[in-house]
Amino acid sequence: MQYLSTRGQVSDLSFKEAVMMGLADDGGLLLPEHIPLIPPDELDSLTELSYPDLAFNILQRFIDDIPASRLRELIQRSYASFTVPEVTPVVKKGNLYILELFHGPTLAFKDVALQFLGNLFELILTERKERMNIVGATSGDTGSAAIYGVRGKENINIFIMHPEGRVSPIQEKQMTTVLDANVFNLAIRGSFDDGQRIVKEIFGDLAFKNEHALGAVNSINWARVLAQVVYYFYAWGQVRKNSNCHDVYFSVPTGNFGDIFAGYIAKEMGLPIRRLILATNANNILSRFVRDGDYSIGDVVQTWSPSMDIQISSNFERYLYYLHNGDTAAVSAAMTTFKESGRLSFTAAQKARIAEDFLSCSVSNDETLATIRDFYQATGYCLDPHTAIGVKAAQICAEAPIPVICLATAHPAKFGEAVHQAIGIDPQRPPCLVGIEEQPSRCETVDADTEVIKAFVKAHAR
Ligand SMILES: *Cc1c(COP(=O)(O)O)cnc(C)c1O
């Protein structure tokens, strides 16, 4: 399988080259040159596979430059760090299926991709006798998941920016209490979008990028999207075995469009997803896009679901590529228009296509807490605020009798304050969070300035 850029100036990359490039050198995002189709009769046989076997089955369709035995071993090792053997179990609560994606080391779905990506980087760097400096920005969960993905690895240093005071106290502690010498936490005086802009600017300086062997872990890395495709198949298999359904909805709490884009890839591979339900909080540029074809930027507002407090979704460009039928000149032009005017418009044909792929709903702060409360009262199951947004959107958008699978993107204990507001009790902490506030931590506070961050990276690069 070869990879190419959404902007057309990079092509014919191998999988490993695509992983190492992160953001494409022309500023676009990397995609496989085609999406492999799984025939319907083969789909049913996948429901019998364990999570690691299924992951191998899906991933090897996109990866032809890692020997099968190595890829299997890498997958095994990546998911051995999860605390349940199913890796991403599905539980039925009321009439909804909940896909629990939070059993990894940092209790959010990002571990599924970043445990894999950390091991993948290590494998490639060892083969090439190279080193890497990872630079990333986080709205909370990516940072800790990335740090846990590469902590202590020989050939990698990691620099993670988070918006000062805008991640939950536990999220902050999960990052800053990792004291491995290869881990650098930077609290920036700004928003997550500032962090994301700085990352793009740093990677846009190709001389700097090459000099310091920069690598990306933000969801712009294709390997992350790919690892997430697996659990859509896994969840569908679980529901299929239990209910003999065929088509399903997935409801996906969305920020950077990475997770739901993985669902789109699964759909294009032939998984019978009726629609992907795109659930947002008050930062609703994407739900306005789906409902009205209005893709126009607004100000970032803080909500109970901080990992979704995003306006510019970096993975959206990947969907644009398909919406423009692979016309890279059209994608480049659209991205320039968006950069200059802050908005994009779509043709009637494109809007029809969007409506085939997605339903959408934006959920307010009050509705988020009400959903946590109502769901807890009805089922005894405690949702985190991000998951609650997906559940609310599912309740509004989905049409019975098609089953809905809601992605549970974080463990409620990561967002205890919101849960406490909603139901008056603190969610039970899993062992990895007990006493985390008292542990020693390390972090630098800096201005949200690209040159300042570059100087820091330069001074501490491997
Ligand atoms: C990152 C994150 C999201 C949003 O996922 P995207 O891939 O950015 O759309 C939702 N919920 C939680 C808990 C997250 O950490």
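Residues numbered from 1 in each chain as written. Predicted model: local features only at pLDDT ≥ 70, side-chain atom pairs only at ≥ 80, totals over all residues. Heavy atoms only, no water.

**Q** Is there a simple way to think about the nonpolar core in this case?
**A** If you look at soluble globular proteins, the nonpolar side chains tend to sit buried side by side. Residues Ile58, Tyr232, Phe233 and Phe250 are the most contacted members of the largest nonpolar core, which totals 111 residues. Looking at this core element by element, the count peaks at 14 residues for helix α10 (residues 222-243). Those residues within four positions of Phe250 in sequence are excluded, and the remaining contacts are Tyr232, Ala235, Trp236, Leu271, Ile273, Arg275, Leu276, Ile277, Ile405 and Leu407. By size, the runner-up hydrophobic cluster in this structure holds 29 residues, among which are Leu96, Val363, Leu383 and Ala394. (Core = buried A, V, L, I, M, F, W, Y, C linked by side-chain atoms within 4.5 Å. Buried < 20%, exposed > 50% of the residue type's maximum accessible area, 1.4 Å probe, protein only. Helix = DSSP H or I, 4+ residues; strand = E, 2+ residues; numbered from the N terminus. Contact = heavy atoms within 4.5 Å.)

**Q** What is the right way to look at the sheet that holds strand β3 (residues 90-93) in this model?
**A** Backbone hydrogen bonds are what pair the strands of a sheet, in a parallel or an antiparallel way. Reading across from one edge, β3-β4-β14-β9-β10-β13 is the order of the six strands in this open sheet, with mixed pairing throughout. Only two strands of the sheet have a single partner each, and these edge strands are β3 and β13 (358-362). Between one strand and the next, the sheet's axes are offset by a mean angle of 25°, whatever the strand orientation. Across six bridges, strand β9 (residues 248-253) lies against strand β10 (residues 273-280) in parallel orientation. The residue bridging Ser251 from the neighbouring strand is Ile277, located in β10. (Pairing = 2+ DSSP bridges. Axes fitted to C-alpha atoms, helices over the stretch in contact; angles between N-to-C directions.)

**Q** Looking at this structure, I do not really get the site of the ligand. What am I missing?
**A** Near the ligand there are 15 residues, and of these Lys110, Asp141, Gly255, Asn256 and Thr409 occur at the shortest range. Gly255 places a main-chain nitrogen or oxygen 2.8 Å from an oxygen atom of the ligand. At 2.9 Å, a side-chain N or O of Thr409 approaches a nitrogen atom of the ligand. Calculation on the ligand without its partners gives an accessible area of 380 Å², and the protein chains cover 98% of this total. Within the shell around the ligand, the residues separate by chemical class into five nonpolar, seven polar and three charged. (Near = heavy atom within 4 Å. Polar contact = N/O pair within 3.5 Å; in protein donor to acceptor, adjacent residues only side chain to side chain. Areas by Shrake-Rupley, 256 points an atom, 1.4 Å probe, with all protein chains shown as cover. Nonpolar A, V, L, I, M, F, W, Y, C, P; charged D, E, K, R; others polar.)

**Q** Quick question: what am I supposed to make of the environment of Ile436 here?
**A** With respect to the element layout, Ile436 can be found in the loop between α18 (416-423) and β15 (444-447). Beyond its immediate chain neighbours, meaning those up to four positions away, Ile436 contacts Lys173, Gln174, Thr177 and Arg429.

**Q** Explanation requested: the state of the cysteines in the structure shown.
**A** A disulfide bridge is the covalent bond that connects two cysteines by way of their sulfur atoms. For the structure shown, the criterion picks out zero disulfides. Cys397 provides the cysteine sulfur closest to Cys361, a residue in no disulfide bond, and the two sulfurs are 4.8 Å apart. By relative accessible area, Cys361 is classed as buried at 7%. Sulfur of Cys432: no disulfide; nearest cysteine sulfur belongs to Cys382 and is 16 Å away. (Disulfide = S-S within 2.5 Å.)

**Q** What exactly am I supposed to notice about the sheet that holds strand β5 (residues 132-137) here?
**A** A sheet is described by the order of its strands in space; here five strands give the open sequence β8-β5-β6-β7-β15, paired in parallel fashion. The strands lining the two open edges of the sheet, one partner per strand, are β8 (214-215) and β15. Sheet strands in contact with helix α8 (residues 192-204) are β5, β6 (156-163), β7 (183-189) and β8, and its direction is about 145° off that of β5.

**Q** Would you mind going over the packing of aromatic side chains with me for this structure?
**A** For any pair of aromatic rings, the description consists of the separation of the ring centres together with the inter-plane angle of the planes. Counted under the stated rule, the structure contains 28 aromatic pairs. Note on Phe159 and Phe184: the rings are 4.9 Å apart at their centroids and 10° apart in plane angle, and the pair reads as stacked. In this pair, Phe159 is assigned in strand β6 and Phe184 in strand β7, connecting sequence segments 25 residues apart. Overall, the relative accessible area of 1% leaves Phe159 in the buried class. Judged by its relative accessible area of 12%, Phe184 is buried. Aromatic ring contacts, followed pair by pair, group Phe257, Phe261, Tyr264, Phe289, Tyr295, Phe316, Tyr319, Tyr321, Tyr322, Phe338, Phe346 and Phe358 into a single cluster. One Lys or Arg, Arg72, reaches over the ring of Phe56 and ends 3.9 Å from the middle of that ring. Positioned over the ring face of Phe184 is Arg442, at 5.8 Å from the centre of the ring. (Phe/Tyr/Trp six-rings, centres within 6.5 Å; stacked < 30°, edge-to-face > 60°. Lys NZ or Arg CZ within 6 Å of the ring centre and 35° of its normal.)

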